[in-house]
Amino acid sequence: MTDMKIDDFDYTMIPVDEEIESSVAVAGSGPALVLLHGFPQTHYMWRDVARELASRFTVIVPDLRGYGASSKPAERDAATYSKRTMAGDVVRVTQALGFERFGLVGHDRGALVGVRAALDHPSTVQYLGILDVLPTADTWEVLRGIDAKVAWHLYLMAQPAGMPERMIRAVAAEFFGSFLDAWDPDGSTFSAEVRQHYIDSSVAAVDSIVADYRATAGIDLEMDLQDRIDGRRLAMPVGVISQDWGSQLGFDAAALWGAWAPDLTYEAIDAGHFMAEEKPTEIARFITRLSERAEVSSVPS
């Protein structure tokens, strides 16, 4: 498997649970900022953004549980890859590095982990940045009719354990590579080496990736729906930046996120799904603006 590391970042393995460790890249100084990657990627997707922000923050970039160089425990039950469990990993990583509070920005799967971290640990997450995803409950509700084919992989990996893993393993490189290609507008975002790194890392993690997605159709959805019933909201400043998926699927992303986040800013971006790699400077500025907004909101009036 190709091993890619962010230049000038230090790497460490941090225990987060019994016999489970997170691989974490760290650099910089100042307040803690955690960056969480999406699918089918690793922490390496943040390389340009992370280096740009390391002059302002202590930038902490883990591989999620089940991805990259982090542990890939067998799916014992629904909780093994629930976003609550994965969010707990993130909190334990930051505590091990000496931070009780941190800003959190996630892309895709990482954003879903970030949302759960922010809901479960509101005094710990200072602000939340979200790249190109909807809340779990809303995702399933907007996928209707033929337009839902854009998310066909969600339905495949939602199936009971066994069949989806065997199907994906049979064509794993092609399966994961298809998303890197389909979601890259002009095919220029990834070098051949980076593309191969993501494919190799994903091929080595079929079971854990499927378990992560299966949780989203089960235990994660149940948590989101219960939170909606209970009226739980994201208490910190939240920034969302995304493509205009709503025009294709018929939803208002800002309105959907606004129902979860009273203190919300929403931005559209002219980029593909892999925006942190396609337009890293714009994403770094988005994160900086969000952190500055959080600083202002925390000042007593």
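One can find the structure itself at the top, above this paragraph.
Residues numbered from 1 in each chain as written. Predicted model: local features only at pLDDT ≥ 70, side-chain atom pairs only at ≥ 80, totals over all residues. Heavy atoms only, no water.

A. Molecular detail of the overall build of the protein. Secondary structure summary: the protein contains 14 helices and 8 strands in total. Over its C-alpha atoms the protein spans a radius of gyration of 18 Å, differing by no more than 12% from the 19 Å that the globule rule assigns to 301 residues. When burial is assessed residue by residue, the protein has 57% of its 301 residues classed as buried. Pairs at least 24 apart in sequence give 76% of the contacts found in the protein among residues at least 6 apart. (Helix = DSSP H or I, 4+ residues; strand = E, 2+ residues; numbered from the N terminus. Rg over C-alpha atoms; globule rule 2.2 N^0.38 Å. Buried < 20%, exposed > 50% of the residue type's maximum accessible area, 1.4 Å probe, protein only. Contact = heavy atoms within 4.5 Å.)

B. Here's a closer look at empty space enclosed by the protein. A full pass over the atoms with the stated rule returns 3 cavities of 30 Å³ or more. Quantified by volume, the largest cavity comes out at close to 490 Å³. Taken together, 28 residues make up the lining of the largest cavity; nearest its centre are Asp132, Val133, Leu134, Thr139 and Leu154. Contributions of two or more residues to the lining of the largest cavity are made by α3 (109–120), α4 (136–142), α5 (152–157), α9 (206–216) and α12 (253–258). It is α4 that provides the largest number of residues to the lining of the largest cavity, a total of 4 residues. Along the lines of polarity and charge, the residues of the lining of the largest cavity split into 18 nonpolar, 7 polar and 3 charged. The space that makes up the second largest cavity amounts to roughly 90 Å³. Every residue lining the second largest cavity is listed: Lys83, Leu112, Val115, Arg116, Pro135, Thr136, Asp220, Asp224, Trp257 and Trp260. Those elements giving two or more residues to the lining of the second largest cavity turn out to be α3 and α10 (219–230). Per-element tally for the lining of the second largest cavity: the top contributor is α3, with 3 residues. Among the residues forming the lining of the second largest cavity, the class breakdown is 5 nonpolar, 1 polar and 4 charged. (1 Å grid on protein atoms, 1.4 Å probe; cavity = no way out; pocket = protein on both sides within 12 Å on 5 of 7 lines; lining within 4 Å. Points joined across faces, edges and corners; volume = space filled by probe spheres on them. Nonpolar A, V, L, I, M, F, W, Y, C, P; charged D, E, K, R; others polar.)

C. View of the side chain of Thr139. Among the secondary structure elements, Thr139 is positioned in helix α4. By relative accessible area, which is 18% here, Thr139 ends up buried. Here Leu134 takes part through its backbone oxygen, which lies 3.3 Å from a polar atom of the side chain of Thr139. Residues within four places of Thr139 in sequence aside, it is in contact with Leu134 and Leu154. (Polar contact = N/O pair within 3.5 Å; in protein donor to acceptor, adjacent residues only side chain to side chain.)

D. Structural detail: the side chain of Arg109. Topologically, Arg109 is positioned in helix α3. Only 2.5 Å separates the side chain of Arg109 from the side chain of Thr216, close enough to count as a polar contact. Aside from chain neighbours lying at most four places away, what touches Arg109 is His37, Gly38, Phe39, Leu64, Tyr67, Lys83, Asp212, Tyr213 and Thr216.

E. Here's a closer look at the nonpolar core. Formed by 101 residues in total, the largest nonpolar core has its most connected members in Trp46, Leu234 and Ile287. With 7 residues, α3 is the largest single contributor of residues to this core. Apart from residues no more than four positions distant in its own chain, Ile287 is found in contact with Leu33, Leu35, Trp46, Val49, Leu53 and Val105. (Core = buried A, V, L, I, M, F, W, Y, C linked by side-chain atoms within 4.5 Å.)

F. Molecular detail of the pairing of strand β2 (residues 20–28). Among the 9 residues in β2, 7 count as buried, and that is most of the element. As defined by bridge partners, strand β1 (residues 10–17) adjoins β2 across 7 bridges and the pair is classed as antiparallel. Within β2, the position partnered with Ile14 by the bridge is Ser22. Following β1, the chain reverses through 2 residues before pairing antiparallel with β2; Glu19 in that reversal takes a positive phi of roughly 60 degrees. In this structure, β2 lies alongside strand β4 (residues 58–62), joined through 5 bridges in antiparallel fashion. Residue pairing across strands places Val24 opposite Pro62, the latter belonging to β4. (Pairing = 2+ DSSP bridges.)

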